[in-house]
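An overview of the molecular structure
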Amino acid sequence: MSPSSRYTSAINRGFRSGVQVLGLKPFIWSLVRVEVHGVEHFETLPTDQAFILVSNHCSHLDTPILFGGMPQRLSSRLATGAAADFFFKHWYTAISPTLFFNAFPVQRASQETTATDRHRRGLAGQLLAEGVPLLIFPEGTRSRTGAMGTFQPGSAALAISHVVPIVPAALVGTWDAWPASAQRWKGGRPPVHLAFGPPMWPHTAEMPSPFNDRVRSAVTQLHDTTASAYGMPTQAELQARAANKAA
């Protein structure tokens with residue numbers, strides 16, 4: 001059996017889609033007031049088109065909101081990278097991300113040194129080659145302040161090598177709704193916004209680093225445009241807030 005068969009199985013896809021639509025999405029939407037913007041940008045992507053969804057990351061709410069905000073024809077096929085050293089360290093911690101999000105393990109360290117790590121990186125490329133879209137958080141972990149961190153260029157490199165687009169997305173308000181330092185979400189259904197941008201293709205002969213910079217700029221612009229429209233903190237304001245707390 002192919003290592004990627006679990007991620008491409010129609011049976012698994014149908015079960016996962018049902019769990020997401022009937023259980024997970026209603027639950028998450030009951031905790032926060034989600035508004036989704038830019039779904040029309042997915043209309044240019046065929047159902048069998050592989051792509052990489054890239055977003056900022058600052059809360060446990062991020063992944064289910066991204067899955068729930070996408071068109072179901074695409075979210076049912078989506079696989080997401082999850083930290084190997086946390087979610088895949090034990091079989092029981094891998095159950096939820098695998099069941100709900102079609103998760104595959106990724107190495108959070110900047111350098112992958114073991115054969116297992118290289119296999120995990122190769123699996124992402126294999127999934128793209130088989131038409132499976134991926135959700136990747138280039139920051140590698142949740143922001144502890146709400147402000148965006150550095151984007152690692154791995155997603156840009158994958159997009160270039162497999163000739164697939166990157167769809168930028170920005171989450172606004174998830175850090176306030178459930179910051180990384182908190183054990184659970186805040187009550188009162190705080191507002192959260194999810195904004196999708198148009199698919200981005202690498203330029204001819206473009207290297208991963210400049211493409212990665214363009215993607216990060218697109219995510220930042222999506223975040224700040226949405227935040228400004230709804231009276232929520234922009235990235236500059238989040239960074240200033242974090243600096244004041246650290247002082």
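Below: a short report on this structure. In this text the structure is predicted, and so the values were computed from the model without any measurement. (Residues numbered from 1 in each chain as written. Predicted model: local features only at pLDDT ≥ 70, side-chain atom pairs only at ≥ 80, totals over all residues. Heavy atoms only, no water.)

1. Observations concerning the overall build of the chain
To keep it simple, the criterion reads: Numbering of helices and strands runs from the N terminus; a helix is a DSSP stretch of H or I covering at least four residues, while a strand is a stretch of E covering at least two. Only protein chains enter the calculation, and the probe is 1.4 Å; a residue is then buried if its accessible area is under 20% of its type maximum, exposed if over 50%, and partly exposed in between. Throughout, a residue-residue contact means that at least one pair of heavy atoms, one from each residue, lies within 4.5 Å. Working definition of accessibility: Shrake-Rupley area with a 1.4 Å probe, residue cover restricted to the visible protein chains.
Scanning the chain from terminus to terminus reveals ten helices and seven strands. Relative to its full complement of 247 residues, the chain shows a buried share of 49%. Expressed as a percentage of contacts within the chain between residues at least 6 apart in sequence, the contacts between residues at least 24 apart total 76%. By element, 58% of the accessible surface of the chain is carried by carbon and sulfur atoms, the whole surface being about 11700 Å².

2. A closer look at the packing of helix α7 (residues 154-162) against helix α9 (residues 208-229)
Put simply, the test is: Axis definition: a line fitted to C-alpha atoms, over the contacting stretch in the case of helices. Angles run 0 to 180 degrees between N-to-C directions. Roughly parallel here means an angle under 35 degrees, roughly antiparallel means over 145, roughly perpendicular means 65 to 115, and every remaining angle is called oblique. Crossings are classed by handedness, with left-handed meaning an anticlockwise turn of the near helix from the far one by less than a right angle and right-handed meaning a clockwise turn. Polar here means any residue outside two lists: the nonpolar Ala, Val, Leu, Ile, Met, Phe, Trp, Tyr, Cys and Pro, and the charged Asp, Glu, Lys and Arg; Gly therefore counts as polar.
Where α7 contacts α9, the two axes come as close as 8 Å, and the packing angle between them is 115 degrees. Judged on the interaxial angle alone, α9 and α7 are roughly perpendicular. At the point where α7 passes α9, the crossing takes the right-handed sense. Where α7 approaches α9, its residues Ala156, Ala157, Ala159 and Ile160 are matched on the opposing element by Pro208, Phe211 and Asn212. For the contact of α7 with α9, a count of residues per class yields six nonpolar, one polar and no charged.

3. Digging into helix α3 (residues 62-69)
Since one α-helical turn is 3.6 residues long, residues separated by three or four positions face the same way. Within α3, eight of the eight residues are buried, which leaves the element mostly enclosed by the surrounding structure. Buried within α3 are the following residues: Asp62, Thr63, Pro64, Ile65, Leu66, Phe67, Gly68 and Gly69.

4. As for the sheet that holds strand β4 (residues 103-106)
Test applied: Pairing between strands is defined by DSSP: at least two bridges between them are needed.
If you walk across this open sheet you meet the seven strands as β1-β7-β6-β2-β5-β3-β4, and the pairing is mixed. The two strands at the open ends of the sheet, each matched to only one other strand, are β1 (33-37) and β4. Neighbour-to-neighbour, the strand axes of this sheet turn through a mean angle of 25 degrees, independent of strand direction. For strand β6 (residues 166-172) and strand β7 (residues 191-196), the ladder comprises four bridges, and the chain directions are antiparallel. Paired with alanine 169 across the strands is phenylalanine 196, a residue of β7. Those strands touched by α3 are β1, β2 (52-55), β3 (79-83), β5 (134-136), β6 and β7, and its axis lies near 55 degrees from that of β7.

5. Overview of α7
Short version of the rule: In this context, the arc is that of the directions from the helix axis out to the C-beta atoms.
Among all positions in α7, only Ser155, Ala156, Leu158 and Ala159 are buried. Down the axis of α7, the buried side of the element spans an arc of 160 degrees, and every buried residue falls inside it. Positive backbone phi, at 55 degrees, marks valine 163, one or two positions downstream of α7.

6. Some remarks on the pattern of salt bridges
Note the following rule: Whenever Lys or Arg places a side-chain nitrogen within 4 Å of a carboxyl oxygen from Asp or Glu, that contact is recorded as a salt bridge.
On inspection of all chains with the given rule, the structure shows two salt bridges. Here arginine 241 ties to aspartate 176 by a salt bridge, and the two come within 3.8 Å at their closest N and O atoms. Linking arginine 241 in helix α10 (residues 235-246) with aspartate 176 in helix α8 (residues 174-177), this pair joins segments that are 65 residues apart in sequence. Residues glutamate 206 and arginine 214 are paired through a salt bridge, measuring 2.9 Å at the closest nitrogen-oxygen approach. Overall, the relative accessible area of 12% leaves glutamate 206 in the buried class.

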